[in-house]
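A structural walkthrough
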Amino acid sequence: MNKHRDKLIILDFWATWCGGCIYSLNKLDSISKSGEVGGFAVIPVTYQQASTASKTWSRWGWDFEAIVSDSLLGKIFPTAALPHQVWLHNGKVIATPRHDYATAENIAAVLQGVDPQKIMYMKDEAGAIDPAKPAFVAGNGKTGRYHKSPYSVIARYLPGYRYEPLQYYTFEDTTVLVAVNNRLSDLYLSAYRYEIFPPYAIFDKQKAIVWEIPDKLKAEILSQPSRHFTADLLQDKKREEHLKRRRFGYNLRYPKVISDKAARRYMQNDLNIFFGIYFGIKADIENRIPNTYAVLRLLGSREDAERLMSRDLPSGISSDGTYFRFRDRPFELVVSNANIAVSNVVDYRVSAALVDSTGIDPSLSTTTYFSKAMRSGRSLSEINKELKRYGLILTIENKSVPVVVIRQTNTPH
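Residues numbered from 1 in each chain as written. Predicted model: local features only at pLDDT ≥ 70, side-chain atom pairs only at ≥ 80, totals over all residues. Heavy atoms only, no water.

**Details of the layout of surface pockets**
Inclusion rule: Each cavity reported here is a set of points on a 1 Å grid over the protein atoms alone in which a 1.4 Å probe fits but cannot get out, each pocket an open set with protein on both sides within 12 Å along at least five of seven lines, and each lining residue one with an atom within 4 Å of a point. Grid points are joined across faces, edges and corners, and a volume is the space filled by probe spheres set on the points. In this text, helices come from DSSP runs of H or I with a minimum length of four residues, and strands from runs of E with a minimum of two, each type numbered from the N-terminal end. Asp, Glu, Lys and Arg are counted as charged, while Ala, Val, Leu, Ile, Met, Phe, Trp, Tyr, Cys and Pro are counted as nonpolar; the rest, among them Gly, fall into the polar class.
There is about 600 Å³ of room inside the second largest pocket. At the level of secondary structure, the elements contributing two or more residues to the lining of the second largest pocket comprise strand 7 (164–171), helix 6 (184–191), strand 9 (209–212) and helix 8 (215–222). Per-element accounting of the lining of the second largest pocket gives the leading share, 5 residues, to helix 6. Taken together, the residues that form the lining of the second largest pocket break down as 11 nonpolar, 5 polar and 7 charged.

As structure tokens, then:
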């Protein structure tokens, strides 16, 4: 980079699999070749080897000097996502803009001495959060904290970090939950994950929460900032302000090893305490929405079912085109087949996905076969005939199912 030390240097970190990177480098290549702006140099940087990068390079005909097999600059200028640009001038970092702000106009303005902060939206980089350490503190995703209890923290929005859904960890004698930049609804869905009707918790999350709060408060909580994909500094700043007000982090560090379900109960209590003050709301689990749905159950013991699904395929089945054959496949595939079958069942009309109550590990390796006709519209008894060979049975339930109900209990602070 020394040969360009008198120029504005744009380091553009990229990879061949990154569509946004290709777009960014195509745009910069066009600006460079147009001659519209001088005094700058683009240096693409990739961790990939030359043999990999050169294919993409040749395809697009870029005219840059590039760095490949990088193991240094990526550490000096780390990023959680590509593309990633770093602008250097006179040996100093002057900007880390989002790639769509790299326009001829902005490059020219910076070269004329305009402060990059005034014309471009900067892409902050918070660095990775280590779940083994306390989160949202110096050196590990530092940001403001709304609420702190002996074992947990509800944190503010963390700029420069992606949305990260709730994760459960255990480290020796400590249980940890971590979520970053979540919407309020995300936090409640995570906290009550094991109490919510499973098909809603997994497949139809919009039905998992019933908001019984005033429309004005509901709009305030659930409003989403508009998304756009062009350089618009005003809109980007508005979006950032919205995220600062309506995105939250959570970290539980409990000094014993407890189950995921038990840890989430602590989270439920934390949410109701803090958001009871912040928004004046409280969440409860209630049976509310009527549903007709199927439940996959065991005919006998779990051990019997697992044994039946461990046997090899019967002779002749492996070459019979009337069957789906699954050898050494996870149990979740059995559940998926049953769900497809019951969604097309002819003697019931189900309104939600199947609930698996067997307690069998979804990743358990199984060997099974099912008639192809089972998935194309059969009676419940015909479907169960297929499932019974593995110690399983489907039953139909018709009742109201548990969801999160959120009510206003106080005036928000």
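**Structural notes on the pattern of salt bridges**
Operational definition: We define a salt bridge as a side-chain nitrogen of Lys or Arg found within 4 Å of a carboxyl oxygen belonging to Asp or Glu.
Using the criterion set out here, one finds 20 salt bridges in the structure. As a salt-bridge pair, Arg 389 and Glu 386 come within 3.1 Å of each other at their nearest N and O atoms. The network of salt bridges with shared partners includes Glu 212, Lys 282, Asp 284, Glu 286, Arg 288 and Arg 407.

**Concerning unusual backbone geometry**
For clarity, the threshold we go by: Between buried and exposed lies partly exposed: a residue is buried under 20% and exposed over 50% of the maximum accessible area for its type, with that area taken using a 1.4 Å probe on protein chains only.
That bond from Leu 82 to Pro 83 is cis: its omega, -5°, falls within 30 degrees of zero. Checked against the element boundaries, Pro 83 lands in the loop between helix 3 (73–76) and strand 3 (84–89). Of note in the backbone geometry, Asn 181 takes a positive phi value of approximately 55° without being a glycine. Looking at the element boundaries, Asn 181 is found in strand 8 (residues 174–182). With a phi angle near 55°, Asp 328 is a residue other than glycine that sits in the positive phi range. Along the chain, Asp 328 turns up in strand 12 (residues 323–330). On the accessibility criterion, Asp 328 (54% relative accessible area) is exposed.

**What to know about the pairing of strand 3**
Each regular strand displays side chains that alternate between the two surfaces of the sheet. Put simply, the test is: By this definition, two strands are paired if DSSP reports at least two bridges between them.
Counting buried positions along strand 3 yields 5 of 6 residues, so the element is predominantly enclosed. When strand 1 (residues 8–13) meets strand 3, the two strands line up antiparallel, connected through 5 bridges. Paired with Asp 12 across the strands is Gln 85, a residue of strand 3. In this structure, strand 3 lies alongside strand 4 (residues 92–95), joined through 3 bridges in antiparallel fashion. Bridged to Trp 87 within strand 4 is Ala 95. Here strand 3 hands over to strand 4 after 2 residues, with Asn 90 in that stretch at a positive phi of 55°.

**Overview of the sheet that holds strand 4**
Which entries qualify depends on this criterion: The convention used is that axes are lines fitted to C-alpha atoms, helices contributing only their stretch in contact, and that angles between N-to-C directions extend from 0 to 180 degrees.
Pairing within the open sheet is mixed, and its 4 strands lie in the order 2-1-3-4. Strands with a single pairing partner mark the edges of an open sheet, and in this sheet they are strand 2 (40–45) and strand 4. Adjacent strand axes in the sheet meet at a mean angle of 30° when their direction is disregarded. Here 6 bridges tie strand 1 to strand 2, and the two strands are oriented parallel to one another.

**Description of the sheet that holds strand 6 (residues 152–155)**
This is how the line gets drawn: Should any heavy atoms of two residues lie within 4.5 Å, those residues are counted as being in contact.
Strand order in this open sheet of 5 strands is 5-6-10-8-7, and the pairing throughout is antiparallel. For this open sheet the edge positions go to strand 5 (145–148) and strand 7, each flanked by a neighbour on one side alone. Ignoring which end each strand starts from, the neighbouring axes of this sheet average 10° apart. For strand 5 and strand 6, the ladder comprises 3 bridges, and the chain directions are antiparallel. Its bridge partner lying in strand 6, Lys 148 is registered against Val 153. Its contacts with the sheet put helix 10 (residues 260–278) on strand 5, strand 6, strand 7, strand 8 and strand 10 (248–254), and the angle it makes with strand 10 is roughly 135°.

**Comments concerning helix 2 (residues 50–60)**
Under the convention used in this document: Taken from the helix axis, the directions to the C-beta atoms give the arc we talk about.
The set of residues buried in helix 2 consists of Ala 53, Thr 56 and Trp 57. One side of helix 2 holds all its buried residues, which, seen down the axis, span an arc of 105°. Projecting away from the buried face of helix 2 at angles above 90 degrees are the exposed residues Lys 55, Ser 58 and Arg 59. Buried residues along helix 2 sit in contact with helix 1 (19–34) and strand 2. Immediately beyond the C-terminal end of helix 2, within one or two residues, lies Gly 61, with a positive phi of roughly 65°.

**Here's the deal with the packing of helix 6 against helix 10**
Between two packed helices, the angle of one axis relative to the other and the distance separating the axes together describe the packing. Note the threshold: Definitions for this section: a left-handed crossing has its near helix turned counterclockwise from the far helix by less than a right angle. A right-handed crossing has that turn clockwise.
Two elements in contact, helix 6 and helix 10, have axes separated by 8 Å at closest approach and are oriented at 145°. In the crossing of helix 6 with helix 10, the sense of the turn from one axis to the other is left-handed. Mapping the contact onto sequence places Leu 184, Leu 187, Tyr 188, Ser 190 and Ala 191 in helix 6 and Arg 264, Met 267, Gln 268, Leu 271, Asn 272 and Phe 275 in helix 10. Among the residues making up the contact of helix 6 with helix 10, the classes are represented as 7 nonpolar, 3 polar and 1 charged.

**What about the environment of Thr 230?**
With respect to the helices and strands, Thr 230 occurs in the loop between helix 8 and helix 9 (233–246). It is 31 Å that separates the C-alpha atoms of Thr 230 and Gln 49, two residues lying 181 residues apart in sequence. When neighbours within four sequence positions are excluded, Thr 230 is seen to be in contact with Arg 98 and Asp 100.

**Digging into the environment of Leu 11**
Considering the arrangement of structural elements, one finds Leu 11 in strand 1. Taking the C-alpha atoms as reference, Leu 11 lies 9.6 Å from Ile 67; in sequence the two are 56 residues apart.

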